[in-house]
Amino acid sequence: MKPFLWMMAGCLLSMGAWAQNRVSHFSTVDSSGFYKIELPRDGVGLMAPDYCNMRILNQQGREVPYKPLSERAPYQTADFMTLPLVEQQMLPDSVTILVFHNADQRRIDHLALQIGNAGVEKQMRLTGSNDRVTWFSVRENAMFSTVSNPDDVSQMKLIDCPLVNYAWLRLEIDDRRTSPVNVMRGGIYLTRSEMPVVPCDTLPLRMSCTEDASAKTTRVQVLFDGTHWLDRVEVQVQAPPFFRREVDFYVIERDTAAILRERYHMGAVFASGEPIVMYPASVRGDGFALVIANKDNPPLEVTHISVFQKKRYLLAWLEQDDSCSLVFGNQYTRAPDYDIQHFNARNDALLPVVMAQPPMLLPNEVKPPVKPSFFKDERFIWAAIVLVMALLGYFTYVLMKEKS
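Residues numbered from 1 in each chain as written. Predicted model: local features only at pLDDT ≥ 70, side-chain atom pairs only at ≥ 80, totals over all residues. Heavy atoms only, no water.

Chemist: How do you make sense of the overall build of the protein when you look at a structure like this?
Modeler: Scanning the protein from N- to C-terminus turns up three helices and 26 strands. With 404 residues in all, the protein has 38% of them scored as buried. Counting only contacts in the protein whose residues sit at least 6 apart along the sequence, the fraction spanning at least 24 positions is 79%. (Helix = DSSP H or I, 4+ residues; strand = E, 2+ residues; numbered from the N terminus. Buried < 20%, exposed > 50% of the residue type's maximum accessible area, 1.4 Å probe, protein only. Contact = heavy atoms within 4.5 Å.)

Chemist: Would you mind showing me how to read the packing of aromatic side chains here?
Modeler: A ring pair, where both rings are aromatic, is described by two values, the distance of the centres and the angle of the planes. Across all of its chains, the model carries seven aromatic pairs by this definition. Plain terms: the ring middles of Phe34 and Trp317 are 5.2 Å apart, the flat faces sit at 90° to each other, and that makes the pair edge-to-face. Here the residue Phe34 occupies a position in strand E2 (residues 33-38), and Trp317 occupies one in strand E23 (residues 313-318), the gap between them amounting to 283 residues. Residue classification places Trp317 among the partly exposed positions, given a relative accessible area of 41%. For the pair Phe80 and Tyr189, a centre-to-centre distance of 5.3 Å together with 70° between the ring planes defines the contact as edge-to-face. (Phe/Tyr/Trp six-rings, centres within 6.5 Å; stacked < 30°, edge-to-face > 60°.)

Chemist: How should I be thinking about a nonpolar patch on the surface in this particular structure?
Modeler: Among the surface-exposed residues, Ile381, Trp382, Ile385 and Met389 lie close enough to one another that they form a single nonpolar patch of about 440 Å² accessible area. As for its position among the elements, Ile381 is in helix H3 (residues 378-403). When its relative accessible area of 38% is taken as the criterion, Ile381 is described as partly exposed. (Patch = residues over 30% accessible without salt bridge, like charges linked within 9 Å, V, L, I, M, F, W, Y side chains within 5 Å. Areas by Shrake-Rupley, 256 points an atom, 1.4 Å probe, with all protein chains shown as cover. Salt bridge = Lys/Arg side-chain N within 4 Å of Asp/Glu carboxyl O.)

Chemist: Would you explain the pattern of salt bridges in this entry?
Modeler: Side chains that differ in charge, positive against negative, can pair when their charged atoms come close. Scanning the model with the defined rule gives 18 salt bridges in all. With a closest N to O distance of 3.7 Å, Arg55 and Glu63 form a salt bridge. Taking the relative accessible area as the measure of exposure, Glu63 reaches 43% and is therefore partly exposed. Notably, a salt bridge pairs Arg125 with Glu172, separated by 3.6 Å at the nearest N-O pair. Of the two residues, Arg125 sits in strand E9 (residues 121-129) while Glu172 sits in strand E12 (residues 168-174), which places them 47 residues apart along the sequence. Using a relative accessible area of 34% as the deciding quantity, one classes Arg125 as partly exposed. Among the ionic contacts, a cluster of salt bridges with common partners joins Arg125, Glu140, Arg170 and Glu172.

Chemist: Hey, could you run me through the side chain of Ser154 in this one?
Modeler: By the secondary structure assignment, Ser154 is in strand E11 (residues 154-164). Judged by its relative accessible area of 7%, Ser154 falls in the buried class.

Chemist: Mind showing me how you'd approach unusual backbone geometry here?
Modeler: If a residue is not glycine, its phi is most likely negative; likewise, a peptide bond is most likely trans. Looking along the chain, the bond that leaves Ala239 and enters Pro240 is cis, with omega of 0°. Structurally, Pro240 is set in the loop between strand E17 (232-239) and strand E18 (244-254). A positive phi angle, near 55°, is found at Lys216, a position not held by glycine. For Lys216, the location among the structural elements is in the loop between strand E15 (205-212) and strand E16 (217-229).

Chemist: Which parts of the structure should I look at to understand the sheet that holds strand E6 (residues 85-91)?
Modeler: The strands making up a sheet associate through backbone hydrogen bonding, with each pair oriented either parallel or antiparallel. Pairing in this open sheet of five strands is antiparallel, and the strands run E6-E7-E12-E9-E10 from one edge to the other. With partners counted over all chains shown, the strands left at the sheet margins are E6 and strand E10 (136-145), one partner each. Each adjacent strand pair in this sheet contributes to an overall mean axis angle of 15°, direction not counted. Where E6 meets strand E7 (residues 95-101), six bridges bridge the pair, whose relative direction is antiparallel. Across the sheet, residue Met90 finds its bridge partner in E7, namely Thr96. (Pairing = 2+ DSSP bridges. Axes fitted to C-alpha atoms, helices over the stretch in contact; angles between N-to-C directions.)

Chemist: Teacher, can you tell me more about the pairing of E9 here?
Modeler: For a regular strand, side-chain orientation follows a simple rule: the groups alternate between the two sheet faces. Examined bridge by bridge, E9 and E10 share seven bridges and lie antiparallel to one another. From the neighbouring strand, Gln123 faces E10, where its bridge partner is Met143. Hairpin connection between E9 and E10: a loop of six residues separates the two successive antiparallel strands, and Arg132 in this loop has a positive phi of roughly 60°. For E9 and E12, the ladder comprises six bridges, and the chain directions are antiparallel. Counterpart to Met124 in the pairing with E12 is Ile173.

Chemist: Got a minute to help me understand the pairing of E18 in this structure?
Modeler: Here E18 pairs with strand E19 (residues 260-271) via eleven bridges, running antiparallel. When the sheet's bridge partners are listed, Glu253 is paired in E19 with Arg261. In sequence, E18 turns back onto E19 through a hairpin of five residues, with Ala258 there showing a positive phi of about 65°. Looking at chain direction, E18 and strand E21 (residues 284-293) are connected through seven bridges and run antiparallel. Paired with Tyr250 across the bridge in E21 is Ala289.

Chemist: Help me understand the environment of Asp93 in this model?
Modeler: Counting through the fold element by element, Asp93 comes out in the loop between E6 and E7. Judged by its relative accessible area of 64%, Asp93 is exposed. Taking the C-alpha atoms as reference, Asp93 lies 7.0 Å from Arg177; in sequence the two are 84 residues apart. Setting aside chain neighbours within four positions, we find Asp93 in contact with Asp175 and Arg176.

In short, shape yes, function no, at least from these values alone.
In structure tokens:
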């Protein structure tokens, strides 16, 4: 069936909307259902930002609807950090006093207490101090209420407060009308943003560095073996031991005449003591250039650059034993409008993955020899030239005779 797919892709090529096509085959599936199609590394570079220049064709040459799988959003995790309880007093029929030590003077906006299950409402007061002598108001006349935890004998009570960084926090709970509560420990929740692990391909590249003494700049040029998306760039600098330099990032692209052109994309700052990682947003090209402003400092010695391209996946319903191919075409083609855009698989992380092969150029059509037109025959052209010269000579003779 592959010759038929070649023929169908060639038909698209002849229609003019899919100039410079490439095709990428992938194996048939054992059962019908949703599948994740992993785009080949070189195919990702051919892909337009909105996937408008890509189609999936089955063995009958019909389009197979697909949708791009979006990346997972960053998420937050919270870890509990205990604050040492340096003082605990329970004055009968009066007040419970709890003092917690925030030794690192972290900026906190809450206090979390683990307490034994109880159903009670009390008044409370929260103050802060840096020397345990002078106490400043943090939260006054607040309500302290609890509910029972049906799954455990204790519960976590979260007390919100304005953002503070006092070394000591004192919590006073009013016990004049109720019995005290059993506070087991106190602390805070440390939240951090987590980026989901996104698989990437490391791109092969050629790197060169040049110094411009007059402009006091270092130019680092990186070229790829084709067009790729620049999702993450890591730079390693060997010397000098400390630095802080402004950097301009230029994308290198091939124009319609296959000539490399540069355009400015973004600015950045390289500094010692921290990893140098750049995330160019939504940009693809055949390479890039870094122009580092050295000013009056020694030039940076860039020893290594790594460029990563995220793997891209498509979600599609594939039929059993139906041979399909990805066809890449003109980036100005209209984006497809499929019903599958409104549907999702239950858990795309668990879907089987189909690997697409590296893209190949479509074979050029062999055009039959065209018989030259009569009007393009050399004998006709020379005869026409002689006739025109004869006419011009005749009319010149007539005009000269009339004038005389």
